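Fold and contact review
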Amino acid sequence: MSLAELTLDQWRSADLPAARRIAQQAADLVEGRVVSVETVEHLGAPLHRVRIERAGTEFALIPGGTVNLGFDLDSWRPTPEQILDYAASLEEGFGYGLDLRAYLAEVLSPYRSATLATVLMAVESEALTELPADMPAVLVARGLRRPTSDEWEHACGAGAATLFRWGDDCPLDRIPYGDPTGPHSRLGAFGLRIAYDTYSAELTSDVTAVHGGDGGESVCGGYGNLLAWLPLATANRNPAMAEFVYGPDGEDLCEDFSTRPVLPL
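Analysis parameters
- Residues numbered from 1 in each chain as written.
- Predicted model: local features only at pLDDT ≥ 70, side-chain atom pairs only at ≥ 80, totals over all residues.
- Heavy atoms only, no water.
- Helix = DSSP H or I, 4+ residues; strand = E, 2+ residues; numbered from the N terminus.
- Rg over C-alpha atoms; globule rule 2.2 N^0.38 Å.
- Buried < 20%, exposed > 50% of the residue type's maximum accessible area, 1.4 Å probe, protein only.
- Contact = heavy atoms within 4.5 Å.
- Areas by Shrake-Rupley, 256 points an atom, 1.4 Å probe, with all protein chains shown as cover.
- Lys, Arg positive; Asp, Glu negative; His and termini not counted.
- Charge placed at Lys NZ, Arg CZ, Asp CG, Glu CD.
- Core = buried A, V, L, I, M, F, W, Y, C linked by side-chain atoms within 4.5 Å.
- Expected span 1.5 Å × (residues − 1).
- Polar contact = N/O pair within 3.5 Å; in protein donor to acceptor, adjacent residues only side chain to side chain.

Some points on the overall build of the protein chain
On a plain count of helices and strands, the protein chain comes out with nine helices and 11 strands. Relative to its length of 265 residues, the protein chain is compact, with a C-alpha radius of gyration of 18 Å against a globular reference of 18 Å. Oriented by its inertia axes, the alpha-carbon framework of the protein chain measures out at about 55 × 45 × 30 Å. When burial is assessed residue by residue, the protein chain has 49% of its 265 residues classed as buried. Of all intrachain contacts in the protein chain linking residues separated by at least 6 positions in sequence, the fraction that spans at least 24 positions is 73%. With the model as given, the accessible surface of the protein chain reaches about 12,000 Å², and the carbon-plus-sulfur share is 51%. Distance between charge centroids for the protein chain: 9 Å, based on 19 positive and 39 negative side chains.

What follows is the structure, given as structure tokens:
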């Protein structure tokens, strides 16, 4: 079995010595060095985090296999507080005039499964240095590529079926921006700094999606607390933001967007 075929289930079943061997194998493949191998608790079980440095960039190991992605709205039950907060946003004219479940159906990717290769993904996203259409060539010159939307969602959620990478709830007494203590301030399960700032706007190879934030639109617009947190939802594809980025109004912009380089194994 090649390292690219490593599945999340196999990774979860590996002990720490095996995880260290796999980490070294991955580092050798990309001519990098292992920075750290640690074990954290995720979804009630141990999960290893690997960080590898290569050419000045730190990458996390993202095990693949057949994984579940998107958000299962049929099995989701909003809290009374979430319903009330969203109702207040509706009264202010936000939310497209839809009820909460219908709104989420508009902005979240559907529940589905996908088979992904194991990759190394940058711990931090990188600001675009060229227009979105020109960035693939910039990354290829470094031996990298953009993630797919499926890879981004999997790297963010790490198998969690919840609305956010940390669970279904978010603090409704405040917005995420400027809050250094909220659940979004913690690293993701695989060790990525991801879905942590609504002012972030990460691009992938999918021109219909923007991940990790909405460029601060919801915060600046005063949409309400739940709507201010929702851009950080793992499956949120921010379709309106994507339409702007790849449309005529955004075609000359690059400095406000980022991408998260992938190093194939």
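Regarding the nonpolar core
Ranked by size, the top nonpolar core spans 46 residues in total, and within it Trp11 and Ile62 carry the most contacts. If you tally residues by element for this core, the top one is helix 2 (residues 16-29), at five residues. In contact with isoleucine 62, not counting residues within four places along its chain, are Ala117, Thr118, Val119, Met121, His154, Ala155, Phe190 and Leu192. Trp76, Cys170, Tyr223 and Leu226 belong to the second largest nonpolar core, which has 20 residues in total.

A word on helix 2
A rise of 1.5 Å per residue sets the reference length of helix 2, with its 14 residues, at 20 Å; its end C-alpha atoms lie 20 Å apart and thus fit the reference within 8%. Listed as buried for helix 2 are Ala18, Ala19, Ile22, Ala23, Ala26 and Ala27. Buried-residue contacts for helix 2 involve helix 1 (8-13), strand 1 (33-42), strand 2 (45-54) and strand 3 (57-62). One side-chain oxygen at the N-terminal end of helix 2 lies 2.9 Å from the backbone nitrogen of alanine 18; it belongs to aspartate 15.

Spatial relationships are all this shows, so hold off on functional conclusions.
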